[in-house]
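Here is how the chains run, residue by residue.
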Amino acid sequence: GEDVEQSLFLSVREGDSSVINCTYTDSSSTYLYWYKQEPGAGLQLLTYIFSNMDMKQDQRLTVLLNKKDKHLSLRIADTQTGDSAIYFCAEMTTDSWGKFQFGAGTQVVVTP
Amino acid sequence: EPEVTQTPSHQVTQMGQEVILRCVPISNHLYFYWYRQILGQKVEFLVSFYNNEISEKSEIFDDQFSVERPDGSNFTLKIRSTKLEDSAMYFCASSVTGGIGANVLTFGAGSRLTVL
């Protein structure tokens, strides 16, 4: 079965890098996602990676995938106060299109 | 940027009442979804819908739940007789296609349902 786990809270100083971690269990062909949720807003897709990739970079965001350990991380460079939000890791296998398995979300608080 | 729009943003209802949550997916999207998040818990898949039929549903999506696309723009989730445990944030989502096109879902802001 699928299970996605992530730490619940991260505090980071403005200008530092944030690293949010996630573990997943399914080993089949999988898409792995990072979504951001700001207060009162929906789930905003930040980036995603397919399980045959090791890394993906998009401006300040870097996703690293360790397939052996089933570990996914999101690094936010030069963290800003606007990055304060809940970050969700999610997994979708190619035999369940559109059916995402979400983690519980990591609350990121950016302090001045 | 195109958005998925959900109404109401917050609804309070009495236990046993019927509730309809509404969603307007992105106009060229063909696949539609409902997810929910009970406070403090994970976001959970409820149902996917395509071509006026349910494609897949979870164990949560029992006979109390139904979905409908009553016209060309709206996609609704109905809960026939609400229970306290139905209190949650309900997210609508859509994707351009199914299959590999369903690897990117656009979510709405959610409808918070409070059952008293």
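In case you missed it, the structure is sitting above this.
Residues numbered from 1 in each chain as written. Chains lettered and ligands numbered in written order. Predicted model: local features only at pLDDT ≥ 70, side-chain atom pairs only at ≥ 80, totals over all residues. Heavy atoms only, no water.

Thoughts on the state of the cysteines
All names here are of chain B. Using the following cut-off: In plain terms, two cysteine sulfur atoms within 2.5 Å form what is called a disulfide here. The numbering of helices and of strands both runs from the N terminus, where a helix is a DSSP run of H or I of at least 4 residues and a strand a run of E of at least 2. The buried label goes to any residue with under 20% of its type's maximum accessible area, the exposed label to any with over 50%, and the partly exposed label to all in between, with areas taken from a 1.4 Å probe on protein chains only.
One pass over the structure, following the stated rule, counts 2 disulfides over all chains. Sulfur-sulfur distance for the disulfide between C23 and C92 comes to 1.9 Å. Sign of the S-S torsion, about -65 degrees for the bond between C23 and C92, identifies this disulfide as left-handed. One end of the pair, C23, is in strand β3 (residues 19-24); the other, C92, is in strand β9 (residues 88-95), and 69 residues separate them in sequence. Among the residues examined, C23 registers a relative accessible area of 0% and is labelled buried. With relative accessibility at 0%, the residue C92 sits in the buried group.

Points about the interface of chain A and chain B
Rule in force here: The contact criterion used is simple: two residues touch if any of their non-hydrogen atoms lie within 4.5 Å. A pairing counts as a salt bridge when a side-chain nitrogen of Lys or Arg comes within 4 Å of a carboxyl oxygen of Asp or Glu. Counted as a polar contact is a pair of N or O atoms within 3.5 Å, where, for protein atoms, one must be capable of donating a hydrogen and the other of accepting one, and residues adjacent in sequence contribute only when both atoms are in side chains.
If you look at the interface, chain A gives 23 residues, while chain B gives 17 residues. Applying the counting rule to chain A against chain B returns 3 salt bridges. The tally of links between chain A and chain B comes to 6 residue pairs in polar contact (both at pLDDT 80 or more). The greatest single-element share of the side of chain A that touches chain B, amounting to 4 residues, is contributed by strand β4 (residues 30-37) of chain A.

A closer look at the pairing of β3 of chain B
Residues and elements named next belong to chain B. Short version of the rule: In short, DSSP must find at least two bridges between two strands for them to pair.
With burial as the criterion, only one face of β3 is covered, namely that bearing V19, L21 and C23; the residues I20, R22 and V24 on the opposite face remain uncovered. Sheet analysis places strand β1 (residues 5-7) next to β3, joined by 3 bridges and oriented antiparallel. Considered in β3, the bridge of T7 is made with R22. Sheet topology places β3 next to strand β8 (residues 75-79); 5 bridges connect them, and they run antiparallel. Paired with C23 across the bridge in β8 is F75.

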